[in-house]
Amino acid sequence: LCVPAVPVLFKQALENTGVEEGKSVSLRCELTKADATVVWKKGEATLQASAKYEMKQKGTVAELVIHNAEPEDA
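Residues numbered from 1 in each chain as written. Predicted model: local features only at pLDDT ≥ 70, side-chain atom pairs only at ≥ 80, totals over all residues. Heavy atoms only, no water.

So what about unusual backbone geometry? Which residues, and what values?
With a phi close to 55 degrees, N68 is a non-glycine residue in the positive phi region. Of note, N68 is situated in the segment after β6 (61-66). (Helix = DSSP H or I, 4+ residues; strand = E, 2+ residues; numbered from the N terminus.)

See the structure below:
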């Protein structure tokens, strides 16, 4: 029996979020499949985990925390 793969979709997409310069901000989205691979991008650039960018994922919720936010992070 061949079962077609079910695509991973967003249950809850990202929302615009404001933050004071120098503070941390958390961006979250919810997926239809637990532990799906999530890649965070800014434009064409893929973000990598660092002191600035913290990526978390638990079940269907993926989160990006941006520390020390600056205008360039918009």
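Lay out the pairing of β6 in plain terms, naming residues and giving numbers.
Where burial is concerned, most of β6 is hidden: five out of the six residues are buried. The pairing of strand β2 (residues 25-31) with β6 spans six bridges and is classified as antiparallel. Each residue of the ladder has a partner; that of E30, found in β6, is V61. Pairing analysis gives six bridges linking strand β5 (residues 53-58) to β6, with the strands arranged antiparallel. For M55, the partnering residue across the bridge sits in β6 and is L64. Between β5 and the antiparallel strand that follows it, β6, lie two residues; G59 among them carries a positive phi value of about 60 degrees. (Buried < 20%, exposed > 50% of the residue type's maximum accessible area, 1.4 Å probe, protein only. Pairing = 2+ DSSP bridges.)

Hey, could you go over the environment of P7 for me, with residue numbers and the actual values?
Take P7: it is sitting in the segment before β1 (10-12). Judged by relative accessible area, which is 53%, P7 ranks as exposed. Each C-alpha atom, one on P7 and one on K58, is 19 Å from the other, the two residues being 51 residues apart in sequence.

Which residues make up the side chain of E63, and what values go with them?
Residue placement: E63 occurs in strand β6. Looking at E63, its side chain comes within polar contact range of the side chain of R28, at 3.4 Å. Residues contacting E63, with those up to four places away along its chain left out, are S26, L27, R28, W40, E54, M55 and K56. (Polar contact = N/O pair within 3.5 Å; in protein donor to acceptor, adjacent residues only side chain to side chain. Contact = heavy atoms within 4.5 Å.)

Help me get a handle on the environment of A62, residues and values and all.
Note on placement: A62 falls in strand β6. Here the alpha-carbon distance between A62 and A36, two residues 26 residues apart in the chain, equals 9.1 Å. Excluding residues within four positions of it along the chain, A62 makes contact with L27, R28, C29, V38, W40, K56 and Q57.

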